[in-house]
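# Remarks on the overall topology
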Amino acid sequence: MPLQLIAGFIKSPLSQKRLTRDSVELYCEAIGTPIPEIQWWFEGNEPNETYAQLWDGARQDRVRINATYNLHSTSTISITNLTSDDSGMYECRASNDPDRNHLSKSPKVKWIRSQANVFVIERPDIKAQVTGVSGKLVLACNMTGQYLPIQGHEWMLGDKILQTDADASVFTSYTIEGKMEEHSGIYECVYKTNPVIKGHLNISVPPQVTAYKKSEHGNEGDTGVLVCKCNSFPAVTSWVWYKHGQEPIINGSGRYIIKSSGNKTELRILKLNIEEDTGDYHCNATNAYGQGSATVSLRVRSRLAALWPFLGIVAEVLVLVTIIFIYEKRRKPDEVLDDDDGGSAPLKSNATNHKDKNVRQRNAN
């Protein structure tokens, strides 16, 4: 008979507070031999309400249960779009008794249980607005109705914290210096409560398109790649490329390939041609708030263009060699004359010495 180890919890679900329309997730983990089964049960806050088993897809498909049985048991229950009716006691049950689910026979070992409370609190209303004042943008949130104790605020853009304070006020604001087009995005005003309460403000603008490079160069016969991007909000819904003065480029037509994904687009031109492909290309983006575009200048060089620097160096060397050669040619006759003059000097000196000798001889006589 195989050895049986009674089921036991190694991780239990934790009690949590959530707001209406939020989601919650509870986790449970058990061990035993054989591997125990895990079930989830719920008891509401009504006086006469009793425990009821939960299953995957319950509560109008808002309940999801994911369980794995490998070496030990793990189970996660998640509930989305919470309502006040989801408040109550959630119970994780585990058992590895062979008769645990028998309809008429009582199991030898009872189900072990681990409980967690989920408190669903009515979400307060947050009125958010964006106003322009003297070239600035003022973002403001004001929480109305019943609210929890506030220990401060944060303003965020994505994962970046822009401003934080410890004020307990229901009103909070954040000021942006500059144009709206330069600061588009989804902003959050975060109230430091338990649970955290957030308000959202959208700064939406037409696409602010920029070229990755304003000027691109390519060699004849190679593939040219032109890239445009747009980092503004909301995202681009469609991209269009066209050459200056021509109709829009159709993806896959001729030598053109267009790849667009969200806020980036790429135009590839196969086998570049100097006469046909040189010029300005425009990338046009569209979203719900308008259009935006950028221009990329493409210059196509001949394949021999890479040789021009080398040929220039060769030409310079040839000119230098020619100058040196001509200089040497002109210099040689002058050197010959200098040699002739040097040979006659001793003769002149000898003649003078001979003359002086004759003078001395006459004086002696």
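Scroll up a little and you will see the structure.
This write-up is about the structure you can find in this document. From a predicted model like this one, the values you see are computed outputs, not experimental measurements.

Here is what the cut-offs are and how they apply
Residues numbered from 1 in each chain as written. Predicted model: local features only at pLDDT ≥ 70, side-chain atom pairs only at ≥ 80, totals over all residues. Heavy atoms only, no water. Helix = DSSP H or I, 4+ residues; strand = E, 2+ residues; numbered from the N terminus. Buried < 20%, exposed > 50% of the residue type's maximum accessible area, 1.4 Å probe, protein only. Areas by Shrake-Rupley, 256 points an atom, 1.4 Å probe, with all protein chains shown as cover. Phe/Tyr/Trp six-rings, centres within 6.5 Å; stacked < 30°, edge-to-face > 60°. Lys NZ or Arg CZ within 6 Å of the ring centre and 35° of its normal. Pairing = 2+ DSSP bridges. Axes fitted to C-alpha atoms, helices over the stretch in contact; angles between N-to-C directions.

### Re the overall build of the protein chain
Regarding its fold elements, the protein chain presents 3 helices and 24 strands. The buried share of the protein chain, reckoned over its 365 residues, is 32%. As displayed, the protein chain offers around 23,300 Å² of accessible surface, 53% of which is attributable to carbon and sulfur atoms.

### Let's talk about the packing of aromatic side chains
In total, this model carries 2 aromatic pairs according to the counting rule given. Ring geometry for Trp155 versus Tyr174: centroids 6.2 Å apart, planes at 25 degrees, classification stacked. On the criterion of sequence distance, the pair formed by Trp155 in strand E12 (residues 153-157) and Tyr174 in strand E14 (residues 171-177) is long-range, its members being 19 residues apart. According to the relative accessible area criterion, Trp155 is buried, its value standing at 1%. Among the residues examined, Tyr174 registers a relative accessible area of 16% and is labelled buried. Against the face of Trp41 rests Arg93, its NZ or CZ located 4.0 Å from the ring centre. In this structure, Arg93 packs its charged tip against the face of Tyr51, placed 5.6 Å from the ring centre.

### Some words on the sheet that holds strand E19 (residues 224-230)
A sheet is described by the order of its strands in space; here 4 strands give the open sequence E17-E19-E22-E21, paired in antiparallel fashion. Edge strands, defined here as strands with exactly one partner in the open sheet, are strand E17 (209-211) and strand E21 (256-261). In this sheet, neighbouring strand axes are inclined to one another by 20 degrees on average, regardless of whether the strands run parallel or antiparallel. Inspection of the sheet shows E17 paired to E19 by 3 bridges, in the antiparallel sense. Residue pairing across strands places Thr210 opposite Lys229, the latter belonging to E19.

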